[in-house]
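# Residue-level structural notes
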Amino acid sequence: MCERKAVLSELNGPVSARIMFIGEAPGRKGADQTRMPFSGDQSGRNFDRFLASIGLSRDHIFITSAALCNPRSDSGANRKPTKVELSNCSNFLRQTIQIINPVVVVTLGSVALEALRSIEPHNLNLKESAAKIQRWDGRVLVPIYHPSPQVLASHRREAEQLNDYKVVARAIEQARQGLSG
């Protein structure tokens, strides 16, 4: 993906954010066009709606991806990043986590959760760990499903995803209490 532009700038969110969301990769109709993660497509609209359901806005979070560039198939469609592509981006993800230093990390989908293994090993998988508050690398981690229309239609319906975001809100509140206590 060397010929592609990475989606990483001030549009990802404030460097002072204590909450970080990590997605899979920029979508070709979304972030690859807008240069802002989870914007310009249905996944972005779903993400914004889910954030709003727990009173969160983009002003208070930092959003990045396991792969910083849009992986495309030969036909031009989005595709899942390969292990090599994720490995090539892992140092950027590691550095981004170090710079932002979030208290709460939320992974959006299995690719993002898997990408964290190269930074600090874990044995979590999305199916068993979804919407469960975990400890990872000295932080609070909440793996949840990706907000894409495909996932909403096949794996995790809207009501379930809205409940997952309530768990994210609880994790944020627990982290806040831990910081002030």
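First things first, this report covers the structure right here in the doc. (Residues numbered from 1 in each chain as written. Predicted model: local features only at pLDDT ≥ 70, side-chain atom pairs only at ≥ 80, totals over all residues. Heavy atoms only, no water.)

### Digging into the overall build of the protein chain
The following threshold applies: Segments assigned H or I by DSSP are reported as helices when at least four residues long, segments assigned E as strands when at least two residues long, and all are numbered from the N terminus. Every radius of gyration here is taken over C-alpha atoms, with the globule rule written as 2.2 Å times N^0.38, N being the number of residues. In this description, accessible areas are obtained by the Shrake-Rupley approach with a 1.4 Å probe, and a residue is regarded as covered only by the protein chains that are shown. His is not counted here, nor are the chain ends, while Lys and Arg score as positive and Asp and Glu score as negative. Working definition for charges: the position is that of NZ of Lys, CZ of Arg, CG of Asp or CD of Glu.
Secondary structure assignment for the protein chain yields seven helices and five strands. Scaling as 2.2 N^0.38, a compact globule of 181 residues should have a C-alpha radius of gyration of about 16 Å, and the protein chain matches this with 15 Å. Overall, the protein chain is about 50 × 35 × 30 Å in size when its C-alpha atoms are taken along their principal axes. Total accessible area computed for the protein chain in this model is approximately 9100 Å², and 50% of it derives from carbon and sulfur atoms. Across the protein chain, the 24 positively charged side chains and the 17 negatively charged ones have centroids separated by 2 Å.

### A look at helix α3 (residues 83-100)
Defined as follows: By definition here, a helix of n residues has an expected span of 1.5 Å times n minus one. Think of it this way: the bend at a residue is just the angle between two axes, each fitted to seven residues, one set ending at that residue and the other starting at it. The buried label applies to any residue whose accessible area, calculated with a 1.4 Å probe on protein chains only, is under 20% of its type's maximum; exposed applies above 50%, and partly exposed to all values in between.
Helix length check: α3 (18 residues) gives 24 Å between terminal C-alpha atoms against 26 Å at 1.5 Å per residue, within 8%. Within α3, the axis deviates most sharply at Cys 89, by approximately 40°. Those residues of α3 not exposed but buried are Glu 85, Leu 86, Cys 89, Ser 90, Leu 93, Thr 96, Ile 97 and Ile 100. In the stretch just after α3, Asn 101 is the one whose phi turns positive, near 55°.

### Some thoughts on the pattern of salt bridges
Note the cut-off: In the sections that follow, a salt bridge refers to a side-chain nitrogen of Lys or Arg positioned within 4 Å of a carboxyl oxygen of Asp or Glu.
For the coordinates displayed, the defined rule picks out seven salt bridges. For the salt bridge of Glu 114 with Arg 117, the shortest nitrogen-to-oxygen distance reads 2.6 Å. A salt bridge links Asp 164 to Arg 156, with the shortest nitrogen-to-oxygen separation between them at 2.9 Å. By relative accessible area, Arg 156 is classed as buried at 17%.

### Quick word on the environment of Ala 6
Rules: We call two residues in contact when some of their heavy atoms are within 4.5 Å.
Position of Ala 6 relative to the elements: it lies in the segment before β1 (19-23). Exposure remark for Ala 6: the relative accessible area of 40% places this residue in the partly exposed category. Separated by 59 residues in the primary sequence, Ala 6 and Ser 65 have C-alpha atoms spaced 9.9 Å apart. If we skip the residues at most four places from it in the chain, Ala 6 touches Arg 35, Leu 68 and Cys 69.

### Some details on the sheet that holds strand β5 (residues 139-144)
To keep it simple, the criterion reads: Two strands are said to pair when DSSP picks up at least two bridges between them. Comment: axis = line fitted to C-alpha atoms, over the contacting stretch for helices; angle = value between 0 and 180 degrees taken between N-to-C directions.
Strand order in the open sheet formed by five strands is β2-β1-β3-β5-β4, with mixed pairing between adjacent strands. Either end of the sheet is taken by a strand with one partner, and the two such strands are β2 (61-65) and β4 (134-136). Mean inter-strand twist for the sheet, computed between neighbouring axes without regard to direction, equals 30°. The sheet contact formed by β1 and β2 spans five bridges and is parallel. Residue pairing for β2: Ile 22 is matched across the bridge by Thr 64. Packed onto the sheet, helix α2 (residues 42-53) meets β1, β2 and β3 (104-108) and runs at close to 150° relative to β2.

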